[in-house]
Amino acid sequence: MAPHFEPAQTGDPVYDPTPLDRDDFFGPQPVGRAELPDPMPVLRNLAHCVVEALAGARDLEQLARWVTDDVYRGLEKRVALAARARRVRGARPQRPVFAIGTVRASEPADGVIEAVVLVHQRPRTRAIVIRLEGFDARWRASVLGVL
């Protein structure tokens, strides 16, 4: 004989009429600064990879793990524009020559780092602004801009 279950009633202590959001349990979980590694290597490496991706020397998918979906979509558009500009000029993608310069970082909240990374190239110096947030015990860039 099959077991019989009574439906939950409004007065039952386990009944919750509000639907659960899956992201509350399965989405990225924010963590505090104490549970995260040093952000400086992440900032330097991310800036390095972004410059190479814009130059066409690195596949953008290699950065997907370290950035949020919104940042990835923004970089995807910018990489496509850079590739189109290279095609118009008849230039081939090549590994850029640059040096990572000064990194200025601040921590406006627990588990959040806002930084500016200077990237020195021959014709100019660029500033890359990055906002890192701690999710799932690692840093992810939630904002990234190349100036």
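Residues numbered from 1 in each chain as written. Predicted model: local features only at pLDDT ≥ 70, side-chain atom pairs only at ≥ 80, totals over all residues. Heavy atoms only, no water.

Going by what an unreviewed UniProt entry lists, the protein chain is known as Rv3235 family protein and is assigned to Agromyces soli.

Further remarks concern the packing of aromatic side chains. Counting across every chain of the model gives zero aromatic pairs. R65 extends its terminal NZ or CZ atom over the ring of W66, reaching a point 4.8 Å from the ring centre. We note R138 situated over the ring of W66; from NZ or CZ to the ring centre the distance is 5.8 Å. (Phe/Tyr/Trp six-rings, centres within 6.5 Å; stacked < 30°, edge-to-face > 60°. Lys NZ or Arg CZ within 6 Å of the ring centre and 35° of its normal.)

Turning our attention to unusual backbone geometry. Phi is positive for D136, close to 50°, though the residue is something other than glycine. With respect to the element layout, D136 can be found in the loop between β3 (125-135) and β4 (138-146). Although it is not a glycine, A137 sits at a positive phi angle of roughly 65°. Positionally, A137 belongs in the loop between β3 and β4. (Helix = DSSP H or I, 4+ residues; strand = E, 2+ residues; numbered from the N terminus.)

So, on to helix α2 (residues 39-55). Taking 1.5 Å per residue as the helical rise, α2 with its 17 residues ought to reach 24 Å, and the 25 Å between its terminal C-alpha atoms agrees with that figure. Buried residues dominate α2, accounting for 12 of its 17 residues. All of the buried residues along α2 are P39, V42, L43, L46, A47, C49, V50, V51, E52, A53, L54 and A55. Looking at the packing, one finds that the buried side of α2 touches α3 (69-89), β1 (98-109), β2 (112-121), β3 and β4. The positive-phi residue at the C-terminal boundary of α2 is G56, with phi of around 85°. (Expected span 1.5 Å × (residues − 1). Buried < 20%, exposed > 50% of the residue type's maximum accessible area, 1.4 Å probe, protein only. Contact = heavy atoms within 4.5 Å.)

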